[in-house]
Structure formats: structure tokens, C-alpha cells
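Coordinates in review
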Amino acid sequence: MSSSASKKTKKVQKIVKDKIPPAKRFKTLLSYSTIADGNEFQKLYSENIDVLFSIVLEKWNELEGVSPLKKGKTHIVEVLSVLEMLKKMVSTNAPAAKKKWKNDKVHSILQQCFMASVKPSVRIFAFRLLLSIIELLHEDFDEEAKLFASSINLAPFATSGIKLKNSPQEAKDPENVVCPNTDAKPTKEDAIAMIDAFFEVAEKKDFEFWFVLFKEYYLSAFFPKTFQELGMMYKSDDTGFQQGCPPEVVQCITGSLSKWASNPSIMDVLWNNNNAPLLIEISRQSCLLPLAFNVTIFKSNELFKQWLTDETSSQRFGTRQQRYWQSYINNVCATFSRPEQLDNTVFQSVIKKSLLIISSFANEWPEEMDNNTWITLQSAFLRNVHVYFSGCSTNESEMGGSPDSIFHTLFYVWIKSPATTKEMWSGFQSQMSSLVEWKAVVVQWKEKFVQLTYILKDFIYGVVKHAELFGRVRKTVTAITRDSNLDAIPWNAERITEVWFIMLEILGNLNHIHNPINHQIAISSVQESTDLLAQAELETLKFDESQPIPFMGVFLPILLEACNNPDNAKIKGRLAAYNAVCDMFCHQSFKPIDVQLLSHFYRIVISALKEQHPQIIWQLISGCRNVFSLDLPGSYILIPQFLVEIENLFQSNPQTEAPPNDCLIDAITIVASLIAPSLHLNALSAPSSFKNSTSLSWMSPQDIQKKLKEIINLALKHKNGSVVQHALCCITAFICDVITMNVDNPSFQLGPAIEEILAQTSQTNSDVCNTALDCLNSVSAFFTNSHGNLCTKVMASLCETTLYLLSRSNLLPPEEVVATNHFYTMLECLVSNGSHLVLNDNSLASRIFLSIQKGLEHHSTIVKEAAESVMIHLLEVYNNFPYPSGAERSDSHIDSSSEENEEQNSIYYVNNGHTILRLTSFPNKTVKIISRNSVGKHIWTLSTLTSSKLVSAPLYNLPSEKDVPSVDHKRRQQPKGNAVSKLVERISKVTNVQLEKTSPEFDKAILACSNELKLQSEKEKPFIDSFQLDQSKILRCFPSMDVIASHFQSNRLFSIQFGLFNIDNLENLKPISYQPKTKSLISDLDSIPSRELHKFGIIYVPEGQEDQKSIYRNRGGSEEYDDFIHSIGWEINLNQHRGYLAGLDPLGSSGPTTIYYSNPLVEVTFHVITKMIDAEINPLSEKKKFIGNDAVHIVWSEHPRDYNPSVITTQFNDAHIVIYPNRNGLYRIQIIRKEKIGFFGPLLDEMVVSRRTLATLVRQTAINANKNVRTTSKVYARQTALRKELIQDIVEKFREDQPLDEMFGKLFQDESASSVLLTEA
């Protein structure tokens, strides 16, 4: 036997030996229990039940007799050891010993331990013992059940008024308490510890048994009302926690439930028909726990959500699931009616979690919820939210956005529910209309209403298929984006229409909202929805379709009521209403607006302008920016009032608030729309006073012109650069129109008007300066020969400003650009039709060339390039355009193949570092010079001209007999034309000596000499015939020019005679080595045009055309359109055109003709859709290829509504200039551009122009727009700069710095000699 077994045996012997005192035997029993295993102890217990019981009970008796003074820590330890031993004995679970636990002494021990005044540690040990006894007895435990019912002391949870059925007994004699709790009273923590101990036992085995036990004695106390509802307690029973289970207990229960969630058998017990209501109540009360228990609230909500919605829930609950969902939803919604205030961040987090649960039901299980569940969700949510916000007084700004989240979800749930009836909507409206003073209510209503408007567009108007490159033609002001959750609702046209109209009225009368901010938000939602619907009409409705939603009839009553609201506090709402009303009437509509409605609109505008409220005036000016350009019937009645208010805007008044810059720009837009009507509509007049209907004075066109000029002058003095830019475009349009009228206009003098533009060229704002210069370019395009004085004025001012800028030591980069643009504007003026007098003024000519000189000397590269460009163009182009080769050619043109054939006799030089010269000699002693510089390629052919006088020459051969003239002896006088007579006559002219007339003797002597010579010749003829003399070997003394000694003989002669080989010029003249690479670079140089190249698309949109295909298929246009395209340029045959083709096929695959324009500085080719032909394979591909790659589109639209630029879409279309012919013979302009494109003119958006100025202004605007597009690219450079850069590259790589002997020596080499100067390609 081992020592351990021996030891155990000895202890057993001591335990059962009755002669040993009980205290020692108990001590030995304790010691044995620690070293014996379970089987050994069970054997001891089974064989010695009575002995062991007596030992333990005797020990307890001993402890009971201990005096109170000795009941210290040791006493407590001993008591606990007795209880522990009893529990261990119970745990052996010997069936034969069950009756022993019915012992009255054991019952007494437990009673003593459960006294209210006993220490908690003892109580919990006794509680564990009791649970073990109950577990052992399992059925027959009535007395033990009574002990169990009072074992957990709930008194610490009970406030005044709470009655408890079962409570621990109080000791009659405190001194006899086994282990008195002298430190403190019973605590909640003690009770929770006992509940936790119970749950630990319950979850291990036979959970249902224990849960029923706990439910009967404790849950009934914690949740009495639920038990009464279930019929498990009398309704008259007022015991228990009637106001709710203690939070600590709910927390404890929730924690245990969380642990049991993964145990299916426990879940089956908890969720059976008897227990499920109790769980639902636990869920409800957990939602209402104090915020200090927020973690428990979160845990409980998530736990119950998981139980009720997991994959097994439907199988577990069956038909009960919907009922449980409804109860749970009610519980969660109860969170919103809690008494706390929403400025509490913990409450905000609780609300947030609850909203997530509600949203999850609406989003994740919308189809699984039946109508009753949906109704429960809607009603409970609305009821609790309304209760809370009706009585809440917290500042909304301190709620951390919770109200917005709450009402966002509330509106969403109600919109999504398929179970909502009209009666429910009515109740919803009633409750929501009572909360309209909460900003979150109105904000979320607006958001949902606008988002529903998006959906309404889709179902009623149809979805737009094409991409929106520029956004909307009508600028939608809403910042509200679509909601994917709302979009995902299974809508149809009927449902969305019904819900949309219901939501419009859900807040009641919007104008009854008292809070000014909320009123403004509500009205702005109407404005934004109106805009969306109007945009939908523009994008989707066909020309002949009617409005599916008559939004003017729907919204106009609301807006008009808001406009007439006298409450000054609601000014923002009024402004939003005015904005919406203006937007309704001031847009191009394909359906004529009813005249009666227009009259109401005019009345409202005039009445509002008269109020003299600055913000209202600003809003109306911005809203009515295109009221005149649209040519609305009767709109001119508004002219006087608008002009008065616009003038007031620009008159500085320190006492009033300055208008926004956007408003000022809109004011200038109105001015721009009135310039052409005031000049061309002679019948135009407007009432200048509206004080009464019987006395009206009228503004004549001249009065309007004068007022417009005054406003423009004021705008030009404004400090905002963008305002000044728009004003510059206005005065430019004014000037151009007056020039074309060719009559004096006393209301508008050209000279002072141009001076206004010139004054802006010296401003510190570089954008303003550049715009002013662009405007001068446009004005110069209208100059004729009769405008020489105006052109001279412009040039003089530009020179002075340029000299001033260049005199400054440090120009900033933007100022360098301004100086550069001054030079280019000077160039535009110099090549205009009015420039013929400019250089006749010696003083002005001197200033021009001085400006050029200062520019050439400047350190800035771009300034130098600009000055050089002006100088070269001035020398080459001034009064020389068009060239003999035509306006389409700015340089000489030769066949490239012939140029290559001439390379053998050519030599290359660079002169002055920027001009490449090629000199080519020809056998006919001519020289061809090809000059290449930054502005082009020019070719000259030169030959030496000889004198017309006779030059002496040797007579190599005697004349033959036939060459000797015969003499008529009978005639005394030589016939007219006789050679001798002519000789005499010529000698007389040369020597001024008059020879006498011939005499008979002189003629006789001459005849005799001739006869003698003839005889002598006959005698010598045989000798000569016999002796064949080689004439070529006869030494001659006269020089011969029959042999050319060198390829470069003529080049040499030209170079020395034209001063290229002058000793002073040799430093500037250097030979260039001609190599294959040289040839390639020179070819590249020739491919760079010398003028700016532009290509623009011209699109024709007739009435009724809505789609891309039909627009592309147009093969012609109206008469007005044809006049326009032939005014913007001239028609050319592509197969004959030698200028810029912009990619068009000269063989005719893209059409036989197109429209083209050029001047000395630019070439413009127009891709005109109506002049292109359709390709055979893909009819539209050829047109798309050209139009789609044009950065600027010019659109002629005869459609009754605004052109949508997204009809023809491509990523390269950066700007659109749209022309609308008005009924009055004038033309409305619309400018549409991408955001990245800066300002350009002279045409402005909504400007109205005349037919005379239309084509030129459109062309100038398109050119400026294209330049603006190009400047956004970092690689853009002017053509002259590109050519100059390539020339410098050629010079640097191939220039040869040869000594004179080599340079000149090679010029004398013959054909066989090699030349450094020439290497054949």
C-alpha cells in the first residue's frame, strides 16, 4: 500500500471512530475531502451517511454556540467549511441519502444562513447548497422552494411603495445570527451575484427546470405586469416591481441571455409560447434602461434582433414571428420617447443604434414583413418620435444631428411601406405638420421630396440615355443627390405619382410655417423640384408631347403666396419663391406660355422692384437675366424699371449693402440683351413710369441706348474684374453694331466708346487687360477704309501702353502676357481694313517701331517673340494681303519633288540666326532663293538683266553670199528700213552728230567695193573648200561664257551683288551642312503653318429635331442659316483649296465644299454638318469624326426650346456658341462652356445681336474660345514661336563655323569636287 493510500485509510478510520471528538473528526473529514477523489469520497459518504451527517451537524451545533464576540473571520471560515462540506455531500448524489436532506436540522442551517443580516459570502454559499439540494430532490422540495423564494434579497432594489412577496427573514435575536453582517446592509451587488450563481447552475443542466423555478419566484417579481397579462398573477396583485425591473437585474439577465444565445436547447426553452412574452418584455425594458446602462441597451437590441431575424428564426417561430417582430419593433421605437434630452451624447448614440435597427428592417426584410408589421413599424416610430419632439425643448443645434437622422429614417420608412393607407397618410400629415418648426423635419422633407422628384422624372418623363457632358443647360441649383435606397423601392408610375403628391402636402401649407429658416427651406424645395421637372422636359419630351406633370399649375399657387408674404422675417423664403417663379417664366419653353400668366408675372416683378428691397431686386435681376433675350411677348414693359434698378446697382452708395458680383454680372447680361433691340427695333418703346395707369411717359429707343451706355460706363469703373470683363463685351457689341449701321448715332459716339476699352488695357488686373485687348481685336475686324482715324487712335494708345509696360524693370508673368497681347492686338489692327493710314503718320509710325524695338530688347522670351512677329508681319503683310497666291496661302508654294531635284545645285545658309536661306543655281544663269523664317516660306527667282543698248561683239565668220544684200542700181535712195540707213540713224542718236544724206557718188563707191569683195571671195573659195579648218581650235581673243565652272557660280554672283558676302555681314551669315537629318527638320519646319489654325463645328438644328442622328443627317438649312454660314466665311472647293483643310478630304469623301475664312493671322475651317456627305458604310461616322473633335461648336438652333449640348457628346467639346433666331429679326446667343474654360467674348450668354454683326462676332468669339481652350494645355505655343524654335534647333545642330578660305573656296569647285556645304540627301 502506498503512503498516500495509507494516509487516506487512517483518516477514514479517524472519521468513523466515534470516540474522537466531533471537532477533530470534522477537521479530518475536511482534510480527507481535499485529498480523496470523487469516487473515494462518494464511497465514504454512501457507507457512512449517518456518521458524516452527525459530524457535520455537531460541528454546526458547535458553531451556533459561539458567542457574538468570537464570531470573527475564523468563525466565518468554519461556517463556510460546514456549508461547503454539506454541498460536497449533496454532490455525491447518493439516491439512498435523499431523505437525509429532508432533515429539519439542515433546513434550519439554511434558514439561519438566509437571514437578512447574514454576511453575503455566507448567504451565497448557502444559496449554492440550496440549489444543490433542490437539484438532488428535484421534485419533492416544497420547503426548499420556500427557502429559495426568499434566499435572494431583493430589498436593495425596492424603493418606497414596492411590495415584495418573499424576503429573507430578520433574526429575532441578532446575537444568535450565525455570521452577522456588521459592515453594511445588503447590497444590489449581493443579489446580482446570487442571480448569476443561479444562472451558472441553470445553464449546466436541466435549464427548463431551473428557468421555471426562477420564473415563478423571481421573474414574476421583476416583471409582474407581464405575468398578469399572461394570467399567471392576479391583476389585483400589486406586489413586485410594477414600474419596471431593476436596471441591474435587466443588465444581469441580458448578459446571461447573451451567453445562452448560441445554445439551441436553451433557446427552445426561452422562446416557447410560455416564455416568449417574458423575453419580449425583457427587450422592452432593456430599451428603457437608464443611459448609464447604454451598453446593455445596445447588447439587448442586437441580441433580440439576431434571435428574431437569423436564418433559423422563421422555423423556430413560425406564424409567431410577425407578432414577435411587431413587439420588438415597438420596443425599439420606445427608445425615441425616452425622457432624456438629445443634447446627451450617450442618448445620441442610443438613438443612432435604434435607427440602424429600424433601417435594417425596412431595407433587409421589406418583403418578409407583412402589412401589420409594416404598420406597426410606421405607427410606433411616428408615435414615439412625435411624443418626444412635441415636448422637447432642447436647442436643435446641440443634438448632434440626431433629429436629422430620426426624421430621415421616419420619412424613408413611410415612403417605402407598401401598407400605407390614405387614412394613415392623413394621420402622418397631421402629426408632421405640427412639427414643422423643427428644422430637421423640413430639411428631411425637402431631401425626400427632391429625391422623389428624381424618381418621378424617371417614371413619368423617362430616363435620359445620353451622358451629360456639360451638366444641364438649365442650371439645376439643388445639391441633393439621389438616394439609392429610395431608388431601389419597387416603383411604378402610379405609385410614385401618388406618393410624390402626398409628400408635397405632408407638411401642410408651406407658407404657414412660422420659422423663417424653415419656410425658406420649404420654398427652396419647390424651386428645386420645379427645376428638375423643367430639366426633365428639356431632356426627354418630344416636340409634340404634352406635359405629364403641369408643374406650373402645381407649384405656382404656393410660390405666388410666398412672393406676396408681407412678413419681412420670411424674406429668404420670398427670395426662393421669386427665384422659382422667374425660372418658370424665363426659360426657353417649347410650349408658349399663356399670355395671362405672363401678365401676372410682369405685375409681380414690377411690384417687387418697386419695394426697393435690395435682396429682392438682386434676386429678380438674377432670375430675369434672360427675360428680354427670350423675346417674351410684352417683356419690354419691364425695361425702364430694370434699367433704373440696374443703374442703381452700379452707383456706389456706402450707406447700402453692396450687391453680389454674380448679381452685377446678371445685370450686365440684361444690358447685353437690350443693345441690339434698342438699335434695330424702331418701334421699341416702354413706359418709364408705373405710378398710375392714366399717365404714362415712354422711353424711346434713343433713351434706352443712352441709359444702356451710362450703365456700361458705370460697370467699366467697377472694382470687380469679372464685372468689367462683361461690360467690355457689351460696349464691344455696341461699337460693332453702330459701325455696321454706318450712320451717326448721337446717343453713342464711337470714339469715346473705343477710348473706354483702351482705358482698360492699362489696368492692373491682367484678365481685364486681356479681355479689353480681345475686344479691340473684335472691333478692328469691323473697321473699313472709312475708319482709319479710329484705327490710328487704337494704335497710338496701344503703343503708349506697350512702351509704359516695357519701361518697367520687373514685369510679373501675368504682366508679360499682357505686354505680349498688346503686340498681337497691334498686329490685328495693322492687318485690318482700316489700317491704311496708320503708317502715314510719321510720329505714330515712329512710336510703333520704337515699341517693336523695345520689345526686341526685352528679357522676356514671349515679349521678344511677339515684337518680332509684329515686325516681320508688318514688313511682309501690311497692305500686301491677300498674296498673289490667294488668301488661303501665306507663303510661297512649290512642288516638293521639284525642290528635291534642285538640291544638287543648292547651298544653305543661316542669316542673322533666324532666317534659313537656300540658294539654287540653274544653267540659264538664274538663281532661286527660298527663305524660311518664323512667319513662313518665301521663294524668289532672279536673273541678271542686260542693257537694251547695242554691245560690240567680234565677227567670227564672214557673211556668205546670200547674206550680202543685193543692190538695185536704178534706185537712188535706200528703201525705208535699209540696214545702212538704220546704222546711220543709230550712230546719229548715239553721237548726236547728224550725218549728211547719202549721195550717188557714195553709193557708187560702195557698190564698187562690194563687187571687188565678191570677186575675191570667188577666187578664194576653192582653197577654203580644200582646207577644212577646225573653227573650234581657232584662238579667239573675245571671252566666251559657254562653260559654267561651278554649281554655285550664279549663287556666288547673287550673294556678292546682294551684299550677303559683304565683309560686315559675314558674322551673320553662316553655312548649314545639308544632311538627311537637316532635310527632315526642314520638312518639319515647312509643315508648321505660319498662321493660327482653327477648326469649328457648325451644327444646324431645325424645329422638332431631338436626337443626334437626325441632326447629323441634315443636308441643308433655312435661308437665314445659309446666309449666316456664308457670312462667317466663304465657300471653297476642297479639291482646289490649297490652304488649311482641318482634316477634310480633298478627294471629296467628306463632301465637296465647306466654309473657310482667313486673314493674315488666322485660318479658320468650319466643319459644316449640312455640307458633309454621309459615309457609305457608317453614315454618321465621318461627321462624328470631325464634329466630335472640335473644341468649339457653333449651333444654329431653330428649335423652340434650348439646345441640349449633350445631344452631340464627346469629351473634346469644350464650348458651345448657340444662336437662336428671334421673331423680331434679332438673334439670341447662348454661351455654354466647361468649368475649366475661362472667360471669353465678345459674345456673352443671353446677349442679343443683329444680323449685321452676327457672323463676325460669332467667328471672333469662337476664335477667342478656342484660344482659351488651348491655353489650358501646357504644350500650347503660337505657330511663329514653334517655327522660330525649330529654326534655332536646325541652326544649333547644323551651322558650320568655317574659315573664309573654306567657305569661299568651295564656291569655285567644279562638278566633280566635293563640297562641305552640300551633302546630297
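These notes cover the structure that comes with them. (Residues numbered from 1 in each chain as written. Predicted model: local features only at pLDDT ≥ 70, side-chain atom pairs only at ≥ 80, totals over all residues. Heavy atoms only, no water.)

1. A few points about the overall build of the protein chain
Secondary structure summary: the protein chain contains 50 helices and 15 strands in total. Relative to its 1321 residues, the protein chain shows a buried fraction of 52%. Partitioning the intrachain contacts of the protein chain with sequence separation of at least 6 by distance along the chain shows that 72% fall at a separation of at least 24. Here the protein chain displays about 62,400 Å² of accessible surface, and carbon together with sulfur accounts for 52% of that area. (Helix = DSSP H or I, 4+ residues; strand = E, 2+ residues; numbered from the N terminus. Buried < 20%, exposed > 50% of the residue type's maximum accessible area, 1.4 Å probe, protein only. Contact = heavy atoms within 4.5 Å. Areas by Shrake-Rupley, 256 points an atom, 1.4 Å probe, with all protein chains shown as cover.)

2. Quick notes on the pattern of salt bridges
This model, assessed by the stated rule, comprises 35 salt bridges. Its salt-bridge partner being Arg-847, residue Glu-800 comes within 3.0 Å of it at the nearest N-O pair. Of the two residues, Glu-800 is situated in helix H36 (residues 788–807) and Arg-847 in helix H38 (residues 842–857); the sequence distance between them amounts to 47 residues. Through salt bridges with shared partners, a single network forms among Lys-59, Glu-62 and Glu-78. (Salt bridge = Lys/Arg side-chain N within 4 Å of Asp/Glu carboxyl O.)

3. Overview of the packing of aromatic side chains
In total, this model carries 50 aromatic pairs according to the counting rule given. Ring centres of Trp-414 and Trp-425 lie 5.7 Å apart, and the angle between their planes is 55 degrees; on these two criteria the pair is classed as tilted. Note that Trp-414 is positioned in helix H20 (residues 402–416) and Trp-425 in helix H21 (residues 422–433), a separation of eleven residues in sequence. Assigned by exposure class, Trp-414 and Trp-425 land together as buried. (Phe/Tyr/Trp six-rings, centres within 6.5 Å; stacked < 30°, edge-to-face > 60°.)

4. A word on a positive patch on the surface
On the surface, Lys-10, Lys-14, Lys-24 and Lys-27 cluster together into a positively charged patch. Going through the elements one at a time, helix H1 (3–16) and helix H2 (22–35) are the ones with two or more residues in the positive patch. For Lys-24, the location among the structural elements is in helix H2. Assessed through its relative accessible area of 57%, Lys-24 is described here as exposed. (Patch = residues over 30% accessible without salt bridge, like charges linked within 9 Å, V, L, I, M, F, W, Y side chains within 5 Å. Lys, Arg positive; Asp, Glu negative; His and termini not counted. Charge placed at Lys NZ, Arg CZ, Asp CG, Glu CD.)

5. So, the nonpolar core
Phe-222, Trp-271 and Phe-555 are the most contacted members of the largest nonpolar core, which has 343 residues in total. The leading source of residues in this core is helix H33 (residues 721–741), at 13 residues. (Core = buried A, V, L, I, M, F, W, Y, C linked by side-chain atoms within 4.5 Å.)

6. A closer look at the pairing of strand S11 (residues 1162–1168)
Counting buried residues along S11, seven of its seven residues qualify, which places the element largely inside the surrounding structure. The alternating pattern of S11 places Val-1162, Val-1164, Phe-1166 and Val-1168 and Glu-1163, Thr-1165 and His-1167 on opposite faces, both of which are buried. The pairing of strand S8 (residues 1092–1101) with S11 spans seven bridges and is classified as parallel. Each bridged residue has a counterpart across the sheet, and for His-1094 the counterpart in S11 is Val-1164. Of the pairings in the sheet, the one linking strand S10 (residues 1153–1158) to S11 comprises four bridges and is antiparallel in character. Residue Tyr-1157 lies in a different strand from S11, and its bridge partner there is Val-1164. Remark: three residues form the turn of the hairpin made by S10 and S11, two consecutive strands paired antiparallel. (Pairing = 2+ DSSP bridges.)

7. Concerning the sheet that holds strand S3 (residues 906–911)
Strand order in the open sheet formed by five strands is S6-S5-S4-S3-S7, and the pairing between neighbours is antiparallel. One side of each edge strand has no neighbouring strand; the edge strands of this open sheet are strand S6 (936–943) and strand S7 (1069–1072). Recorded for the sheet is a direction-independent mean angle of 25 degrees between the axes of neighbouring strands. Here S3 pairs with strand S4 (residues 915–921) via six bridges, running antiparallel. Across the sheet, the residue bridging to Tyr-909 is Leu-917, located in S4. (Axes fitted to C-alpha atoms, helices over the stretch in contact; angles between N-to-C directions.)

8. Things to note about helix H31 (residues 661–680)
Between its first and last C-alpha, H31 extends 30 Å over 20 residues, near the 28 Å set by a 1.5 Å rise per residue. Along H31, the largest kink reaches about 30 degrees and is centred on Leu-674; proline Pro-677 follows within four residues of it. Of all 20 residues making up H31, 17 are buried, and the element is well covered by its neighbours. (Expected span 1.5 Å × (residues − 1). Bend = angle between axes of the 7 residues up to and from the residue.)

9. What to know about unusual backbone geometry
In this chain, Gly-1241 is followed by Pro-1242 through a cis amide linkage whose omega measures 5 degrees. With respect to the secondary-structure elements, Pro-1242 resides in the loop between strand S14 (1227–1233) and strand S15 (1248–1249). For Asp-631, which is not glycine, the phi dihedral falls at a positive 60 degrees.

10. Observations concerning the environment of Tyr-1227
With respect to the helices and strands, Tyr-1227 occurs in strand S14. As for Tyr-1227 and Glu-1246, which are separated by 19 residues in sequence, their C-alpha atoms are 9.6 Å apart. Setting aside anything within four residues of it in sequence, one finds Tyr-1227 in contact with Glu-1120, Trp-1196, Ile-1219, Tyr-1220, Pro-1221, Asn-1222, Met-1247, Val-1248, Val-1249, Ser-1250, Arg-1251 and Leu-1254. In terms of polar contacts, Tyr-1227 uses its side chain to reach the side chain of Glu-1120, at 2.5 Å. (Polar contact = N/O pair within 3.5 Å; in protein donor to acceptor, adjacent residues only side chain to side chain.)

11. Focus on the state of the cysteines
Summed over the entire model, instances satisfying the criterion amount to zero disulfides. As a non-bridged cysteine, Cys-245 has Cys-252 as the owner of its nearest cysteine sulfur, 9.4 Å distant. Judged by its relative accessible area of 7%, Cys-245 is buried. Left unpaired, Cys-582 is separated from the closest cysteine sulfur, that of Cys-624, by 3.6 Å. We classify Cys-582 as buried; its relative accessible area is 1%. (Disulfide = S-S within 2.5 Å.)

12. Some details on the packing of H36 against H38
Remark: H36 packs on H38, axes separated minimally by 9 Å, with the N-to-C direction vectors making an angle of 35 degrees. Where H36 crosses over H38, the two elements pack in a sense that is left-handed. Between H36 and H38, the residues in contact are Thr-792, Met-795, Ala-796, Cys-799, Glu-800, Thr-802, Leu-803 and Leu-806 and Leu-844, Arg-847, Ile-848, Leu-850, Ser-851, Lys-854 and Gly-855, respectively. Per-class residue counts for the contact of H36 with H38 are eight nonpolar, four polar and three charged. (Left-handed = near helix turned anticlockwise from the far one by under 90°. Nonpolar A, V, L, I, M, F, W, Y, C, P; charged D, E, K, R; others polar.)

13. Things to note about helix H28 (residues 595–610)
With 16 residues, H28 extends 23 Å between its outermost C-alpha atoms, agreeing within 8% with the 22 Å of an ideal straight helix rising 1.5 Å per residue. Looking at H28, one finds that the buried residues are Leu-598, Phe-601, Tyr-602, Ile-604, Val-605, Ile-606, Ala-608 and Leu-609. Where H28 is buried, its residues contact helix H26 (551–563), helix H27 (571–585), helix H29 (614–623) and helix H30 (639–650). The N-terminus of H28 is capped by Asp-594, whose side-chain oxygen sits 2.9 Å from the backbone nitrogen of Gln-596. A positive backbone phi angle near 60 degrees is found at Gln-612, which sits one or two residues after H28.

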